[in-house]
Amino acid sequence: MTIPSSTSRSGPYNGNGVTTAFDYEFRILDEDHLKVILADNAGNETVLNVGTDYTVSGVGDDTGYITLDTAPVAGFTVTILRNAPRDRP
């Protein structure tokens, strides 16, 4: 199956200590096909875990969003990457 969108990145979104939902504008077929990265103001990156750090909405749709368990504070950014496997049956 071919995914028609060439977009594979959303963000970075700036944290404000309140916002927990961040959108992505590409299609995924499984919630595990995302890589969500939280970066601090020094550029240190942490890869977040689905089900533990965030939930995914919009699987199978052309757009969707993630909802973080904790809002990132000012100085932190959130980047969402499509991380689908290259080979599909």
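Residues numbered from 1 in each chain as written. Predicted model: local features only at pLDDT ≥ 70, side-chain atom pairs only at ≥ 80, totals over all residues. Heavy atoms only, no water.

Caption draft 1: Summary view of the overall build of the protein chain. Along the backbone of the protein chain there are zero helices and seven strands. Start at the N end of the protein chain and walk to the C end: the helices and strands fall as β-β-β-β-β-β-β. The proportion of buried residues among the 89 residues of the protein chain is 30%. In the protein chain, 69% of the contacts between residues at least 6 apart in sequence involve partners at least 24 apart. (Helix = DSSP H or I, 4+ residues; strand = E, 2+ residues; numbered from the N terminus. Buried < 20%, exposed > 50% of the residue type's maximum accessible area, 1.4 Å probe, protein only. Contact = heavy atoms within 4.5 Å.)

Caption draft 2: Molecular detail of the sheet that holds strand β6 (residues 64-68). Read across the sheet, three strands follow the order β2-β6-β5 without closing on themselves; strand pairing throughout is antiparallel. Because the sheet does not close on itself, it has two edges, and the strands there are β2 (21-24) and β5 (54-57). If you compare each strand with its neighbour and ignore which way they point, the axes differ by 20° on average. (Pairing = 2+ DSSP bridges. Axes fitted to C-alpha atoms, helices over the stretch in contact; angles between N-to-C directions.)

Caption draft 3: Region of interest: the sheet that holds strand β7 (residues 77-82). As summarised here, the arrangement of the four strands in space is β1-β7-β3-β4, forming an open sheet in which the pairing is antiparallel. On the outer flanks of this sheet lie β1 (9-14) and β4 (45-48), each paired with one strand and no other. In this sheet, adjacent strand axes meet at a mean angle of 20° when their direction is disregarded.

Caption draft 4: View of the pairing of β4. As defined by bridge partners, strand β3 (residues 34-39) adjoins β4 across four bridges and the pair is classed as antiparallel. In the strand pairing of β4, Ile-37 is matched with Val-47. In this antiparallel pair of consecutive strands, β3 and β4, the connection spans five residues, and Gly-43 shows a positive phi of 90°.

Caption draft 5: Looking closely at the packing of aromatic side chains. For the structure on display, the rule yields two aromatic pairs. With centroids separated by 5.5 Å and ring planes inclined at 40°, the aromatic side chains of Tyr-13 and Phe-22 adopt a geometry described as tilted. Take Tyr-13: its relative accessible area is 22%, and that puts it in the partly exposed class. Measuring from ring centre to ring centre gives 5.2 Å for Tyr-24 and Phe-26, while their planes differ by 40°; the resulting arrangement is tilted. For the pair formed by Tyr-24 and Phe-26, the shared burial category is buried. (Phe/Tyr/Trp six-rings, centres within 6.5 Å; stacked < 30°, edge-to-face > 60°.)

This is a description of form; function is not addressed.
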